[in-house]
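So the chains spell out like this:
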Amino acid sequence: GDAAGVSISNIAVSYDEEQAVGLIHITGVAASMFQWNEGRLEVDVPQGVSGGEFNPDRARPAWRDIPVATAGPGRFRLTTRVILPDEGRGFTLAGQPQLDAGYGNVRVARQAQIEDGTLVASSDTFFRLGEIAAADLPAARRAARQLEAARLELVPPTDIRWRWELSEDERRRRSEPILAAFAS
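Figured I'd write up the structure that's included with this text.

## Topic: the pattern of salt bridges
Stage number 1. The full count for this structure, using the stated rule, is 11 salt bridges.
Stage number 2. Linked by salt bridges that have partners in common, Asp86, Glu170, Arg173 and Arg174 make up one network.

## Digging into the packing of aromatic side chains
Stage number 1. Enumeration over the complete set of coordinates arrives at two aromatic pairs.
Stage number 2. Summarising the aromatic geometry, the rings of Phe34 and Phe91 are spaced 6.2 Å apart at their centres and angled 55° between planes, so their arrangement reads as tilted. One end of the pair, Phe34, is in the loop between strand E3 (21-30) and strand E4 (35-37); the other, Phe91, is in the loop between strand E7 (74-83) and strand E8 (92-95), and 57 residues separate them in sequence.
Stage number 3. Judged by centre distance (5.0 Å) and plane angle (45°), the ring pair of Phe54 and Tyr103 falls under tilted. A residue pair is termed long-range when its members are at least 10 positions apart, and Phe54 in the loop between strand E5 (40-44) and strand E6 (68-70) and Tyr103 in strand E9 (residues 99-103) qualify at 49 residues. Comparing Phe54 with Tyr103 shows no difference in burial state: the two are buried.

## Re the sheet that holds E4
Stage number 1. The four strands lie next to each other as E4-E5-E13-E8, forming an open sheet whose pairing is antiparallel. Because the sheet does not close on itself, it has two edges, and the strands there are E4 and E8. Strand-to-strand, the axes of this sheet are offset by a mean angle of 45°, without reference to chain direction.
Stage number 2. Where E4 and E5 come together, three bridges link them in antiparallel fashion. Each bridged residue has a counterpart across the sheet, and for Trp36 the counterpart in E5 is Leu41.

## Focus on unusual backbone geometry
Stage number 1. At the junction of Gly72 and Pro73, the peptide bond is cis and its omega measures out at -10° in the coordinates.
Stage number 2. Summarising the element assignment, Pro73 is placed in the loop between E6 and E7.
Stage number 3. One non-glycine residue with positive phi stands out, namely Ala20, at about 60°.
Stage number 4. Considering the arrangement of structural elements, one finds Ala20 in the loop between strand E2 (6-16) and E3.
Stage number 5. Classification of Ala20 as exposed rests on a relative accessible area of 52%.

## As for the pairing of E9
Stage number 1. Where E9 lies against strand E10 (residues 106-115), five bridges are found, and the strand directions are antiparallel. Within E10, the position partnered with Asp100 by the bridge is Ala109.
Stage number 2. In this structure, the hairpin formed by E9 and E10 is closed by a connection of two residues, where Gly104 is found at a positive phi of approximately 55°.

## Details of the nonpolar core
Stage number 1. Among the nonpolar cores identified, the biggest contains 14 residues, and Phe54, Tyr103, Ile132, Leu137 and Leu147 are the most heavily contacted of them.
Stage number 2. Looking at this core, the elements with two or more residues in it are E9, E10 and helix H1 (137-149).
Stage number 3. Broken down by element, the residue count for this core peaks at five residues, all from H1.
Stage number 4. Among the nonpolar cores identified, the runner-up in size contains 10 residues, and Val43, Leu84, Ala121 and Leu154 belong to it.

Criteria and thresholds
- Residues numbered from 1 in each chain as written.
- Predicted model: local features only at pLDDT ≥ 70, side-chain atom pairs only at ≥ 80, totals over all residues.
- Heavy atoms only, no water.
- Salt bridge = Lys/Arg side-chain N within 4 Å of Asp/Glu carboxyl O.
- Phe/Tyr/Trp six-rings, centres within 6.5 Å; stacked < 30°, edge-to-face > 60°.
- Helix = DSSP H or I, 4+ residues; strand = E, 2+ residues; numbered from the N terminus.
- Buried < 20%, exposed > 50% of the residue type's maximum accessible area, 1.4 Å probe, protein only.
- Pairing = 2+ DSSP bridges.
- Axes fitted to C-alpha atoms, helices over the stretch in contact; angles between N-to-C directions.
- Core = buried A, V, L, I, M, F, W, Y, C linked by side-chain atoms within 4.5 Å.

Purely geometric numbers; function is a separate question.
As structure tokens, this is what we get:
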């Protein structure tokens with residue numbers, strides 16, 4: 001199916017009763033994640049939970065001493081693979097490819113690398129059931145903001161060839177696998 005620039009070619013669902021783990025594996029093709037920002041191309045590498053959504057409301061005086069309940073237990077894994085042009089030559093990662101950080105009862109572990117012309121980024125988010133004491137909320141908020149700021153960015157080479165610089169034959173040759181993926 002198609003949704004917002006995405007063509008899904010396969011969805012597989014499995015469940016391991018012994019491990020109590022469900023897996024949804026989605027294969028497909030998506031529109032380019034690259035965006036033009038301040039005179040250069042960039043891509044924010046997805047990391048699952050970022051920390052930006054953690055903002056417990058303690059505006060009312062009656063709420064200030066109440067602990068914040070956290071969801072859990074749970075685990076969420078997001079793995080992204082992006083096939084890069086020109087076998088990935090000149091592409092780099094800016095930020096922390098390896099990250100182990102968290103806030104409150106949430107921990108995020110991320111690993112990313114460019115291998116064999118493909119960006120492979122995987123993040124695991126672990127949720128522990130429990131609560132955060134009111135006295136610990138300022139530190140948890142700071143840690144959540146730090147996690148939000150720990151962006152990882154895929155940076156393309158500055159000498160990238162634009163499509164209008166390619167011959168018609170070269171554009172067709174490069175487009176064939178993309179068009180075939182969207183057609184499947």
